[in-house]
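So the chains spell out like this:
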Amino acid sequence: DAGITQSPRHKVTETGTPVTLRCHQTENHRYMYWYRQDPGHGLRLIHYSYGVKDTDKGEVSDGYSVSRSKTEDFLLTLESATSSQTSVYFCAIGSPSGNTIYFGEGSWLTVV
Amino acid sequence: QQQVKQSPQSLIVQKGGISIINCAYENTAFDYFPWYQQFPGKGPALLIAIRPDVSEKKEGRFTISFNKSAKQFSLHIMDSQPGDSATYFCAADSRGSNYKLTFGKGTLLTVNP
């Protein structure tokens, strides 16, 4: 395993509530990513970070915000969860040596 | 706009057979093409990757074939085993993109005993 811990692993929340998913890495990698995985859509990039306090939007960033105050932690926040945000969320970290990215185990989020 | 198109969506192969998954890309700036393997309930894991300076890369039973002029690459799994049953994703990346991989939509491979 690449030293990535996601929390919580499973969560059920109600529409309109805020939700924060946490990604913690022990590899000291500069790059961190949040992807969502949905049937028929594969893996889509939500936001990514290329350093502490340096973040940028991905393909499907609407409704999501991120923060990275420390190298090891990358937080994904759903300000007001909607049913369309029911998904599996994967955190990933990037290795500068060879474009490789490594994924965490995923966080299953259900918005009811 | 789908930059990496993957086919087929699903594939059923008999044990010992050859599994072939194809991907096509549009962005000529892509210069790194990995394949990821994902088992149910797990995160995707890097399986094998290729750069466009070679046309083929083999690791055990897994081979990537790359056709730069056609902008296509494929994964071949020789002597497929039931343990290979998983979802496979192709992806592409370009230098200077902050290692942002663009993924295909995935292929669910089932290898029957």
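Residues numbered from 1 in each chain as written. Chains lettered and ligands numbered in written order. Predicted model: local features only at pLDDT ≥ 70, side-chain atom pairs only at ≥ 80, totals over all residues. Heavy atoms only, no water.

**Student:** Just checking my understanding: could you explain the overall build of chain A for this structure?
**Tutor:** In terms of regular secondary structure, chain A is built from zero helices and eleven strands. Taking the principal axes of its C-alpha atoms as reference, chain A extends roughly 40 × 30 × 25 Å. For chain A, buried positions account for 50% of its 112 residues. Partitioning the intrachain contacts of chain A with sequence separation of at least 6 by distance along the chain shows that 54% fall at a separation of at least 24. Looking at chain A as shown, the accessible area adds up to about 5,100 Å², and 47% of this sits on carbon and sulfur atoms. Here chain A holds 10 positive side-chain charges and 12 negative ones, and the gap between their average locations is 3 Å. (Helix = DSSP H or I, 4+ residues; strand = E, 2+ residues; numbered from the N terminus. Buried < 20%, exposed > 50% of the residue type's maximum accessible area, 1.4 Å probe, protein only. Contact = heavy atoms within 4.5 Å. Areas by Shrake-Rupley, 256 points an atom, 1.4 Å probe, with all protein chains shown as cover. Lys, Arg positive; Asp, Glu negative; His and termini not counted. Charge placed at Lys NZ, Arg CZ, Asp CG, Glu CD.)

**Student:** Sorry if this is basic, but what is going on with a nonpolar patch on the surface here?
**Tutor:** Together, Ile18, Ile20 and Met78 of chain B make up a nonpolar patch on the protein surface, roughly 240 Å² of accessible area in all. Within the secondary structure, Met78 of chain B is located in the loop between β8 (72–77) and β9 (86–92). (Patch = residues over 30% accessible without salt bridge, like charges linked within 9 Å, V, L, I, M, F, W, Y side chains within 5 Å. Salt bridge = Lys/Arg side-chain N within 4 Å of Asp/Glu carboxyl O.)

**Student:** Just checking my understanding: could you explain the side chain of Ser61 of chain A for this structure?
**Tutor:** Residues and elements named next belong to chain A. Secondary-structure assignment places Ser61 in the loop between β6 (54–57) and β7 (64–70). In this structure Ser61 comes out as buried when scored by relative accessible area, which is 11%. Apart from residues no more than four positions distant in its own chain, Ser61 is found in contact with Ile46 and His47.

**Student:** It is not clear to me how the sheet that holds strand β3 (residues 19–25) of chain A should be interpreted in this structure. Could you clarify?
**Tutor:** Sheet strands pair via backbone hydrogen bonds, and the direction of the pair is either parallel or antiparallel. Residues and elements named next belong to chain A. Reading across the sheet, the four strands line up as β1-β3-β8-β7 and stay open at both edges, with antiparallel pairing between neighbours. Either end of the sheet is taken by a strand with one partner, and the two such strands are β1 (4–7) and β7. Taking the axes of each pair of neighbouring strands and ignoring which way they run, one obtains an average angle of 20° across the sheet. Bridge count between β7 and strand β8 (residues 73–78): five bridges; the pairing is antiparallel. Within the sheet, the bridge partner assigned to Ser65 lies in β8 and is Thr77. (Pairing = 2+ DSSP bridges. Axes fitted to C-alpha atoms, helices over the stretch in contact; angles between N-to-C directions.)

**Student:** Would you take a moment to explain the packing of aromatic side chains for this structure?
**Tutor:** By convention here, two paired aromatic rings are described through the distance between centres and the angle between planes. All names here are of chain A. Within this structure, the stated rule accounts for 19 aromatic pairs over all chains. Seen in terms of ring centroids, Phe90 and Trp108 are 6.5 Å apart; in terms of plane orientation they differ by 70°. Their pairing is edge-to-face. Highlighted residues: Phe90 in strand β9 (residues 87–94) and Trp108 in strand β11 (residues 107–111), separated in sequence by 18 residues. Accessibility expressed as a relative area gives 0% for Phe90, which makes it buried. (Phe/Tyr/Trp six-rings, centres within 6.5 Å; stacked < 30°, edge-to-face > 60°.)

**Student:** What exactly am I supposed to notice about the interface of chain B and chain A here?
**Tutor:** In this assembly, 18 residues from chain B lie in contact with 22 residues from chain A. For the pair chain B and chain A, the summed buried surface comes to about 1,900 Å²; carbon and sulfur atoms form 53% of the total. At the junction of chain B and chain A, the tally comes to one salt bridge. The salt bridge involving Lys42 of chain B is made with Glu105 of chain A; its shortest N-O contact spans 3.3 Å. At the surface where chain B touches chain A, the tally comes to four residue pairs in polar contact (both at pLDDT 80 or more). Within the side of chain B that touches chain A, the residues separate by chemical class into eight nonpolar, five polar and five charged. (Buried area = accessible area lost by both parts, 1.4 Å probe. Polar contact = N/O pair within 3.5 Å; in protein donor to acceptor, adjacent residues only side chain to side chain. Nonpolar A, V, L, I, M, F, W, Y, C, P; charged D, E, K, R; others polar.)

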